[in-house]
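Examination of the molecular architecture
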Amino acid sequence: MKSGDDLEGMLSDYVGGKAKSKLHRIPSARLVTALTCLQFAFAIYATFLLYYMSPAIDLRAKPDFTWATRIAQQWKQFIIPPHVLGRYQEAASLVRAEIQPINPSQVCEHEKIDFQQKKSNDSQMIKLKRELYDEVLDFQRKSIGTETLSDLMAMNSEWDMRGPNKAKVTVILNHFKRKTLCAQLDSLLHQTLPFHHVWVLSFGSPNELSLKRIVDSYNDSRISFVSSSYDFKYYGRFQMALQTEADLLYIVDDDMIPGRKMLQILSHVAGTEKYKNSVLGSIGRILPFSQKDFTFPSYRKFRSKEAGLYLPDPAYDITVNKIVQVDFLSSSWFLSAELVKTLFVEAPMTFMTGEDLHLRYDHSYYISNFFLSLVFGS
C-alpha cells in the first residue's frame with residue numbers, strides 16, 4: 001500500500017497534468033481575432049454576391065468594375081440557367097409595368113346619354129297632361145307650398161354652405177353595363193360641396209374589371225370600389241347605404257350625370273326644417289288615379305288624363321321649376337342616413353325590383369313624405 005504522501009503527490013501530478021493540457025488547447029488571442037475578421041469579410045462578400053446574383057439585376061447593363069461582379073456573372077450562369085433567368089426578368093418587367101400608375105384618360109370609356117325625348121305631336125294629349133300638372137301644382141301650392149329653387153336656397157338650413165356645419169355626403173354609384181362612370185366621377189370631383197365618400201358598386205357586372213381599373217386610375221382614397229359576383233339587384237345599393245358614416249346619402253343610377261351644384265343644393269334643402277324628413281330627387285312620378293273598378297290605367301294610355309304624370313316630361317312640354325310632391329322617385333334618391341333604414345321596416349314582396357315604390361311605402365308609415373323633383377343644371 002502507498003503512503004498518504006505518495007497518494008497526495010499522485011493527485012497533484014494528475015490535476016497539474018490536466019490543467020496543463022487545457023492550457024495547450026486554449027487558442028491564442030490572435031487566432032480568435034483573425035477568424036472573426038475572416039467571418040465578417042465573408043459575410044460582406046456573400047451579401048454583395050447575392051445582390052448581384054438576384055434575377056432582378058441585369059449584369060449585362062453594368063460594367064465589370066469589381067472582381068466580385070465577374071465572379072457573380074460566372075456563378076449566375078451556373079446556378080440559374082439562362083432560360084430560367086430570362087423568365088424571371090420577363091416576369092419582373094411585367095410586374096413593373098403592372099404597378100405603373102395609370103391615368104383616367106387611359107382607361108375611361110364614354111357613352112352619350114340622350115336626354116332628349118321624342119316630342120308628342122298630339123295636341124289633345126299635351127293639353128290633358130298640362131291641365132293635370134297645373135291642377136297638381138295648384139293643389140300643392142294651397143296645401144304644402146311649391147317653392148322655386150331661389151326660395152329653397154333662401155330658407156334656413158342646417159347644412160348651409162355659409163354656416164359652421166358642412167354636410168358629409170356619401171355618393172353611391174350603381175353600375176352594370178353603362179360606360180358613364182368617368183363622367184359621373186368627373187362631375188362629383190368638381191362639386192361645389194365636396195363629397196365625403198363615393199362608393200362604386202359592381203354587382204354581377206360583366207364590366208367589373210374595367211370599372212375597377214377606372215376607379216383605381218383616379219387614385220383618390222375617398223373613391224372606393226365594391227364588387228360581388230352575385231347580383232344584389234336594386235336593393236343592394238340601399239343595403240350598402242346602411243353602412244355609411246355620413247350625414248346624407250345620394251344614390252344614383254348609372255344613367256344620371258349630376259350637375260356640379262347638385263350636392264350643395266340637395267344638402268341645403270335636406271337641412272331645412274320643412275324638408276328634413278324628405279327623400280329628394282330629380283325625376284319623379286305621380287301614379288295614375290284609381291278607376292271605379294279599382295284598376296289603374298297605364299301612364300301611356302292614349303288620351304287619358306287619369307294616367308298620372310312623369311316629371312319632368314318634355315314629351316308633353318312639362319318642365320319643373322318648383323318643388324313638387326310625387327308618389328315616388330326614379331333614378332336618384334337623396335336622403336338622410338337615418339331615413340334609408342325605413343326601406344327595411346317591412347320585407348318587400350320581391351328583391352328583384354320595385355325598390356322605389358317600396359321606399360315610398362315604408363317611408364310614408366312615419367312621416368309626411370315630400371319629394372324634390374327639380375332638374376338642376378350644372
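Here we summarise the structure given alongside this text. (Residues numbered from 1 in each chain as written. Predicted model: local features only at pLDDT ≥ 70, side-chain atom pairs only at ≥ 80, totals over all residues. Heavy atoms only, no water.)

**Focus: the environment of Phe328**
- Positionally, Phe328 belongs in strand S7 (residues 328–329).
- Separated by 48 residues in the primary sequence, Phe328 and Leu280 place their C-alpha atoms 9.8 Å from one another. (Helix = DSSP H or I, 4+ residues; strand = E, 2+ residues; numbered from the N terminus.)

**A few points about the sheet that holds strand S5 (residues 284–286)**
- Spatial ordering of the open sheet is given by S6-S5-S7, a layout of three strands whose pairing is antiparallel. The open sheet is flanked by strand S6 (309–311) and S7, the only strands paired with a single partner.
- Pairing geometry for S5 and S6, over three bridges, is antiparallel. Note that in S6 the partner of Arg285 across the bridge is Tyr310. (Pairing = 2+ DSSP bridges.)

**Concerning the sheet that holds strand S1 (residues 169–175)**
- An order of S3-S2-S1-S4-S8 is seen for the five strands of this open sheet, with the pairing classed as mixed. Each edge of the sheet is formed by a strand with only one pairing partner; in this case those strands are strand S3 (223–228) and strand S8 (332–336). Strand-to-strand twist in this sheet, taken as the mean axis angle between neighbours without regard to direction, amounts to 15°.
- Where helix H8 (residues 181–189) meets the sheet, it contacts S1, strand S2 (197–203), S3 and strand S4 (248–252), and its direction lies at approximately 170° from that of S1.
- Relative to the sheet, helix H9 (residues 208–218) contacts S1, S2 and S3, its axis offset from that of S3 by approximately 165°. (Axes fitted to C-alpha atoms, helices over the stretch in contact; angles between N-to-C directions. Contact = heavy atoms within 4.5 Å.)

**Looking at the pattern of salt bridges**
- Taken as a whole and assessed by the stated rule, the structure comprises 13 salt bridges.
- Of the charged contacts, one joins Glu273 and Lys276 as a salt bridge, the two residues approaching to 3.1 Å between their closest N and O atoms.
- Classification of Glu273 by relative accessible area gives exposed; the value is 60%. (Salt bridge = Lys/Arg side-chain N within 4 Å of Asp/Glu carboxyl O. Buried < 20%, exposed > 50% of the residue type's maximum accessible area, 1.4 Å probe, protein only.)

**Here's the deal with the nonpolar core**
- Grouped together as the largest cluster of nonpolar side chains are 37 residues, with contacts concentrated most on Val169, Val171, Leu173, Val198, Tyr250 and Phe334.
- Tallying contributions element by element places helix H11 (residues 262–270) first for this core, with five residues.
- When neighbours within four sequence positions are excluded, Val198 is seen to be in contact with Val171, Leu173, Leu185, Leu188, Arg222, Ile223 and Ser224.
- Listed in part, the 33 residues of the second largest apolar core include Val136, Ile251, Leu329 and Val340. (Core = buried A, V, L, I, M, F, W, Y, C linked by side-chain atoms within 4.5 Å.)

Note that all results are geometric; they support no functional claim without further evidence.
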